[in-house]
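Fold and geometry: a report
If you want the building blocks of each chain, they are given just below.
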Amino acid sequence: MQKTRLDTARIRAARRTIDPVFLDTPLYRCEALEPVLGCAVSLKLETANPVRSFKARGTEVIASRLAESGSRAVVCASAGNLGQALAWSGRGRGLDVTVVASRFATVAKLDRIRALGATLELVDGDHEVARERATVIARREGIRLVEDSLDIETCEGAGTIGLELADSAPSFDAVLVALGGGALATGVGHVLKALTPGVEMICIQPLGAPALTYSWLQRRVVNTDSADTIADGVAGRCPIPAVLDDLLQVADDAVLVREASIIAGMRTLLDHAGLVVEPSAALGVAAVLEDRDRFAGRHVATIVCGSNVDMSAYHRWVGAGHPPEGL
């Protein structure tokens with residue numbers, strides 16, 4: 001594997017920093033999904049923790065280092081899950097946490113950020129606007145700006161999931177990873193390529209938010225003017241060049257899936273695995289639903305990366321009829 005910004009030894013060391021409540025999340029073969037998807041499926045449940053997403057694996061590393069250095073304040077932009085994770089990690093270490101988010105973000109995520117004691121600032125616009133505002137606050141206040149996927153701790157924290165998968169990876173043919181800013185994909189991908197290079201690493205992104213997938217396919221940064229998807233956790237428009245460089249080294253493929261497939265994936269996880277997930281967490285299942293022939297007879301693992309979803313929206317999506325024809 002070509003060199004990335006990540007380091008496997010640092011990822012192993014991160015496990016000693018991360019609160020054990022976020023480590024060794026359930027990984028199991030879900031046989032009930034197999035008749036529906038036509039392949040063996042293992043689920044890695046990154047929802048079984050206090051913030052119901054994988055993000056705290058990275059924020060635990062960041063908050064620990066800030067506390068050790070005597071820093072008392074930190075700010076980030078978030079679609080919701082990173083903000084919750086940073087608020088949780090910062091609260092336990094006495095940090096003042098500010099989260100900037102779009103006022104159109106999922107209400108349940110915003111409410112949880114407030115409940116965890118963070119200062120929440122809302123902006124008109126999408127996540128990219130929130131990123132710009134967080135940068136302004138960090139410069140004005142002279143505090144640490146956490147930039148998801150750019151800050152190596154967010155990638156290497158996520159990489160600890162790869163260590164856990166690698167223990168079982170000889171039985172996997174492919175690992176399906178949601179692609180947003182890239183921390184999860186580059187972290188997990190780095191470890192898999194270092195430890196189990198025969199496993200296919202496939203990234204999945206919504207067709208309505210394709211910037212990093214287009215960038216991977218064209219091997220250059222491709223920005224988009226808008227992002228239109230229910231999968232708010234992966235709805236970025238402006239990929240980070242350094243993250244793309246890493247992704248090019250560790251991803252075997254990057255694919256786009258339709259909104260109907262994401263909804264069908266959420267419904268499939270509810271009906272056959274008993275899991276309520278946010279749209280981003282259903283991307284792996286959506287990819288199998290769209291291309292059953294590719295995965296037929298194989299054993300795939302998919303990371304169920306978050307379950308922070310507005311329940312009224314969830315019921316509208318998942319409760320509305322049956323999956324579209326062909327899914």
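Residues numbered from 1 in each chain as written. Predicted model: local features only at pLDDT ≥ 70, side-chain atom pairs only at ≥ 80, totals over all residues. Heavy atoms only, no water.

A closer look at the pattern of salt bridges
The tally for this structure, following the rule as stated, stands at 26 salt bridges. Note that Arg144 and Asp151 form a salt bridge whose closest N and O atoms lie 2.9 Å from each other. On the accessibility criterion, Arg144 (25% relative accessible area) is partly exposed. Here Glu153 and Arg144 are joined by a salt bridge, their closest N and O atoms 3.5 Å apart. On the basis of relative accessible area, Glu153 is assigned to the buried category, the value being 11%. (Salt bridge = Lys/Arg side-chain N within 4 Å of Asp/Glu carboxyl O. Buried < 20%, exposed > 50% of the residue type's maximum accessible area, 1.4 Å probe, protein only.)

A word on the sheet that holds strand β10 (residues 299-304)
Consider a sheet: its strands pair through backbone hydrogen bonds, and that pairing is either parallel or antiparallel. Taken in spatial order, the six strands line up as β1-β2-β10-β7-β8-β9 in an open sheet, and their pairing is mixed. Edge positions in the sheet fall to β1 (27-29) and β9 (253-257), since each has one partner strand and no second. Adjacent strand axes in the sheet meet at a mean angle of 25° when their direction is disregarded. Of the pairings in the sheet, the one linking strand β2 (residues 40-45) to β10 comprises six bridges and is parallel in character. By the bridge assignment, Leu45 is partnered in β10 with Val304. (Pairing = 2+ DSSP bridges. Helix = DSSP H or I, 4+ residues; strand = E, 2+ residues; numbered from the N terminus. Axes fitted to C-alpha atoms, helices over the stretch in contact; angles between N-to-C directions.)

Overview of a nonpolar patch on the surface
Nonpolar side chains collect at one region of the surface, where Leu207, Tyr214 and Leu217 lie side by side and expose about 280 Å² of accessible area between them. Looking at the secondary structure, you find Tyr214 in helix α9 (residues 211-218). Its relative accessible area of 32% is what places Tyr214 among the partly exposed residues. (Patch = residues over 30% accessible without salt bridge, like charges linked within 9 Å, V, L, I, M, F, W, Y side chains within 5 Å. Areas by Shrake-Rupley, 256 points an atom, 1.4 Å probe, with all protein chains shown as cover.)

Things to note about the confidence of the model for the chain
Mean pLDDT over the chain: 95, with 97% of residues reaching 70 or higher. Across residues 321-327, where pLDDT falls below 50, the model places 14 contacts with residues more than four positions away in sequence or in other chains. (pLDDT = per-residue confidence, 0-100. Contact = heavy atoms within 4.5 Å.)

Thoughts on the state of the cysteines
The final tally for this structure, using the stated rule, is zero disulfides. The closest cysteine sulfur to the non-disulfide-bonded Cys155 is located on Cys203, 12 Å from its own sulfur. Of all cysteine sulfurs in the structure, the one in Cys305 sits closest to Cys203, which takes part in no disulfide; the separation is 12 Å. Owing to a relative accessible area of 0%, Cys203 belongs among the buried residues under this scheme. (Disulfide = S-S within 2.5 Å.)

A few points about the sheet that holds strand β3 (residues 73-77)
One open sheet accounts for four strands, arranged β5-β4-β3-β6; its pairing is parallel. Single-partner strands in this sheet number two, and they are β5 (119-123) and β6 (144-146). Strand-to-strand, the axes of this sheet are offset by a mean angle of 20°, without reference to chain direction. Seen against the sheet, helix α5 (residues 107-115) touches β4 (96-102) and β5 and runs at an angle of roughly 150° to β5.

Observations regarding unusual backbone geometry
One non-glycine residue, Ser149, adopts positive backbone phi at about 80°. Note on placement: Ser149 falls in the loop between β6 and α7 (152-166). Here the phi dihedral of Arg219 falls at roughly 60°; this positive angle occurs in a residue that is not glycine. Secondary-structure assignment places Arg219 in the loop between α9 and α10 (241-250).

Quick look at the nonpolar core
If you look at the biggest cluster of nonpolar residues, it comprises 62 residues, and the most contacted ones within it are Leu43, Leu184 and Leu269. The element best represented in this core is helix α12 (residues 283-290), accounting for six residues. Apart from the residues lying within four places of it in its own chain, the contact partners of Leu43 are Pro26, Leu27, Tyr28, Cys30, Leu33, Leu269, Ala273, Leu275, Thr302 and Val304. Counting 28 residues, the second largest nonpolar core, distinct from the first, contains Val61, Leu66, Val74 and Ala87. (Core = buried A, V, L, I, M, F, W, Y, C linked by side-chain atoms within 4.5 Å.)

Things to note about the packing of aromatic side chains
Aromatic rings considered in pairs are described by the distance between their centres and by the relative angle of their planes. The tally for this structure, following the rule as stated, stands at one aromatic pair. A centroid spacing of 4.9 Å and a plane angle of 85° characterise the contact between Phe22 and Trp88, whose relative ring orientation is edge-to-face. Taken as a pair, Phe22 in the loop between α1 (8-14) and β1 and Trp88 in helix α4 (residues 81-91) lie far apart in primary sequence, 66 residues in all. Considered together, Phe22 and Trp88 belong to a single accessibility category, that of buried residues. (Phe/Tyr/Trp six-rings, centres within 6.5 Å; stacked < 30°, edge-to-face > 60°.)

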